[in-house]
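# Residue-level structure breakdown
So you can see what is in the structure, the chains are spelled out below.
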Amino acid sequence: MTETSQTSLAAADFAAAAEALAPTDRLLATSYPGDSGSRQPIHTVYVAGDRYAPGLAREWGDAALAAVDGVGGIERLVAELGIADADRTIVAERVLVKLGSEPIEDLRIDFEDGFGDRGDAAEDAAVVAAAEALADDLAAGTAPPFVGIRFKCFEADTRERGIRTLDLFLTTLVSRTGAAGLPEGLVLTLPKVTTVAQVEVMVGLLERLEGALELAQGRLGFEVQVETPQLIIGAGGTIPVAELLHRGAGRITGLHYGTYDYSASLGIAAAQQSMEHPAADFAKQVMQVAVAGTGVRLSDGSTNVVPAGDEASTIAVWQLHGRLVRRSLERAYYQGWDLHPAHLPSRFAASYAFFRDGVEQVATRLRNYVEQNTDGFLDEPATARALAGFLARGVQSGAVSSEELADRVGIGESELVALAYPRRDTPATKE
């Protein structure tokens, strides 16, 4: 403002507005900080706790490659998935590289539904063995970048067992790796959550485990599986899935939709249980609104139809899975579950095709925005963030290379992430 500008409000009015809105400023800064821009895995693979061993990711990659070879090669797969002609060659090449180098991005060692109730002695032994196997996998450099466990839920019948499994796993793992060696991508999955109180108990347990294991405060985070309708609409007409995000002490990293438990809870017939059922879409839309701005990530569920049998059946399942993966991506669910090695080719092919679809236009618009070139589009900052976020996910997933980013947009990955995910300043640090 210039010295000749005339206004009607005094400094006291600005101060009064700041004082009245200080709680809002704190709420936005602490509860809605925005996404961190860190890598989000595009899938989570679940394996039964007693079936995990060092090198499992490589075994899955080999099995996925064998499945592709069994139908005539990667070119056949990308053609049958309906990937655009212009993208088929590069998608095929990058899927093969992915299956050969990092076939599993996020692995969950499952001691819940995938393990069942085998008695305490059997589960204790399997949990310790799994933690020791993970330590060996980490030491060998063969573990996926994200890895963790799912333990039994906190309902009365399984609560003590679930807590004991969590304790045994972490205690054994830290005893082998040391506090400093605990993997950065460690993920703990709390399933079948029905109330906010269960999340609060989880927070308290992690605080005590951090103290006992000499871990830094806040080191342990967890994801919540949304598998019950009570989490979408609570007994008092509330929306617990939104409330729990703000009662998790900043430890909640993700919400995962559980396709089959949620569907069964609503009485949906088994043949109709699907990631694309209208009931699933409703739950996932509520989840999406709840996490907006919080930085908590979303994951869709899985399909239980696996590629097996003759060639025609395998292709049909890949087409189904590829369509479901793309459907989730189009709805901003950038992660999902995979239950079988043969799900990996269609997961990566569909994901890469999604991020390459229109990448030329996205890159051009973003470059114009960065260079303040108004030819073609007059994109606002919010649109530029969406363009950058799309491209950032493409780079982080491997669909788009760093070289392509530099060539087409003229910026590096760190600049792209900063553009896509500007962090909200806290009142204390804002200048």
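Glancing now at the overall build of the protein chain. Counting secondary structure elements, the protein chain contains 17 helices and 8 strands. The globule rule puts the C-alpha radius of gyration for 431 residues at 22 Å, and the 23 Å found for the protein chain is close to it. Each principal axis of the C-alpha atoms in the protein chain carries an extent, and together these give about 80 × 55 × 45 Å. Here the protein chain holds 431 residues, and the buried ones make up 51% of them. For the protein chain, restricting intrachain contacts to residue pairs at least 6 apart in sequence, the fraction spanning at least 24 positions comes to 77%. One finds the centroid of the 37 positive side-chain charges in the protein chain at a distance of 1 Å from the centroid of its 60 negative side-chain charges.

Before going further, it helps to examine the packing of helix α13 (residues 343-356) against helix α15 (residues 381-397). A packed helix pair is summarised by two numbers, namely the angle formed by the two axes and the spacing between the axes. Their axes nearest at 9 Å, the elements α13 and α15 cross at an angle of 140°. In terms of crossing hand, the pair formed by α13 and α15 is left-handed. Across from Tyr352, Phe354 and Phe355 in α13, the residues of α15 making contact are Phe390, Arg393, Gly394 and Ser397. Its residues placed into classes, the contact of α13 with α15 shows 4 nonpolar, 2 polar and 1 charged.

The geometry of helix α12 (residues 311-330) relative to α13 is characterised by a closest axis approach of 9 Å and an angle of 40° between their N-to-C directions. Here α12 is positioned oblique relative to α13, judged by the angle of their axes. Here α12 and α13 pass one another in a crossing that is right-handed. The residues of α13 that touch α12, namely those facing Trp318, His321, Gly322, Val325, Arg326, Leu329 and Glu330, are His343, Pro345, Ser346, Arg347, Ala350, Ser351, Ala353, Phe354 and Phe355. Its residues assigned to classes, the contact of α12 with α13 shows 8 nonpolar, 5 polar and 3 charged.

Tallying each qualifying case throughout the model produces 9 aromatic pairs. Relative to Phe390, the ring of Phe354 lies with its centre 5.6 Å away and its plane at 65°, an arrangement referred to as edge-to-face. Within this pair, whereas Phe354 is found in helix α13, its partner Phe390 is found in helix α15, the two being separated by 36 residues in sequence. For the residue pair Phe354 and Phe390, the accessibility class agrees, reading buried in each case.

Of all the 5 residues making up strand β3 (residues 146-150), 5 are buried; the element is thus mostly covered by neighbouring parts of the structure. Burial along β3 is two-sided: Phe146, Gly148 and Arg150 facing one way and Val147 and Ile149 facing the other are all buried. Across 5 bridges, the pairing between strand β2 (residues 106-110) and β3 is parallel. When the bridges of β3 are listed, Arg108 appears paired with Gly148. Handedness of the β2-helix α6 (residues 120-140)-β3 crossover: right-handed. Relative to strand β4 (residues 186-190), β3 runs parallel, the two being bridged by 4 bridges. Looking at β4, one finds that Arg150 is bridged to Thr189.

Cut-offs applied
- Residues numbered from 1 in each chain as written.
- Predicted model: local features only at pLDDT ≥ 70, side-chain atom pairs only at ≥ 80, totals over all residues.
- Heavy atoms only, no water.
- Helix = DSSP H or I, 4+ residues; strand = E, 2+ residues; numbered from the N terminus.
- Rg over C-alpha atoms; globule rule 2.2 N^0.38 Å.
- Buried < 20%, exposed > 50% of the residue type's maximum accessible area, 1.4 Å probe, protein only.
- Contact = heavy atoms within 4.5 Å.
- Lys, Arg positive; Asp, Glu negative; His and termini not counted.
- Charge placed at Lys NZ, Arg CZ, Asp CG, Glu CD.
- Axes fitted to C-alpha atoms, helices over the stretch in contact; angles between N-to-C directions.
- Left-handed = near helix turned anticlockwise from the far one by under 90°.
- Nonpolar A, V, L, I, M, F, W, Y, C, P; charged D, E, K, R; others polar.
- Parallel < 35°, antiparallel > 145°, perpendicular 65-115°, else oblique.
- Phe/Tyr/Trp six-rings, centres within 6.5 Å; stacked < 30°, edge-to-face > 60°.
- Pairing = 2+ DSSP bridges.
- Right-handed = clockwise from strand over helix to strand, strands pointing away.

Don't take any of this as a statement about function, it's just geometry.
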